[in-house]
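Take a look at the letters that make up each chain.
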Amino acid sequence: VSAGAGFSADSGLPVYKDIADIEAYHRMGVTYADLCDPVWMRKKPEVFYGFWGKCFNDYMTTEPHEGYAIVRRWCTSLFSPSAAAVPPPH
């Protein structure tokens, strides 16, 4: 089962084109694709952690819409755990 960015957007999360649509990033002249480059961790860690921290916080605090519960029920009812899906012990 898979879903596109619109699935999370229906819960109020921004889609890729809007994630970096913030005045501070406009002033820096950077896009979402630019901010996804790990070079920011070394170049300007405050930008890296600010960007990814906001993304993380948004995902952790957004209430999922009913579609997520529907997909969970589908997965639970249509797919059962199997020995093939269990990783071997270490």
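Residues numbered from 1 in each chain as written. Predicted model: local features only at pLDDT ≥ 70, side-chain atom pairs only at ≥ 80, totals over all residues. Heavy atoms only, no water.

K.L.:
Any chance you could explain the packing of aromatic side chains here in plain terms?
P.N.:
Within the structure shown, the criterion is met by six aromatic pairs. Ring pairing ties together the aromatic residues Tyr16, Tyr25, Tyr32, Phe51 and Trp52, which thus form one cluster. (Phe/Tyr/Trp six-rings, centres within 6.5 Å; stacked < 30°, edge-to-face > 60°.)

K.L.:
Any chance you could explain the pattern of salt bridges here in plain terms?
P.N.:
Close approach of charged atoms allows side chains with opposite charge to pair. Summed over all chains, the structure comprises four salt bridges. Among the salt bridges present, the one from glutamate 23 reaches arginine 27, with a minimum N-O distance of 4.0 Å. Residue glutamate 23 and its partner arginine 27 are located together in helix H3 (residues 23-28), separated by four residues, close to a single helical turn. Lysine 54 is paired through a salt bridge with aspartate 58; the nearest N and O atoms lie 2.8 Å apart. (Salt bridge = Lys/Arg side-chain N within 4 Å of Asp/Glu carboxyl O. Helix = DSSP H or I, 4+ residues; strand = E, 2+ residues; numbered from the N terminus.)

K.L.:
Before we go on, may I ask you to explain the environment of threonine 76 in this structure?
P.N.:
Tracing the sequence through the fold places threonine 76 in helix H7 (residues 66-78). Accessibility expressed as a relative area gives 61% for threonine 76, which makes it exposed. (Buried < 20%, exposed > 50% of the residue type's maximum accessible area, 1.4 Å probe, protein only.)

K.L.:
Hey, could you run me through a nonpolar patch on the surface in this one?
P.N.:
Taken together, the side chains of Val1, Ile70, Trp74, Leu78 and Phe79 make up a nonpolar region of the molecular surface, amounting to roughly 550 Å² of accessible area. Positionally, leucine 78 belongs in helix H7. (Patch = residues over 30% accessible without salt bridge, like charges linked within 9 Å, V, L, I, M, F, W, Y side chains within 5 Å. Areas by Shrake-Rupley, 256 points an atom, 1.4 Å probe, with all protein chains shown as cover.)

What is shown is where atoms sit, not what they do.
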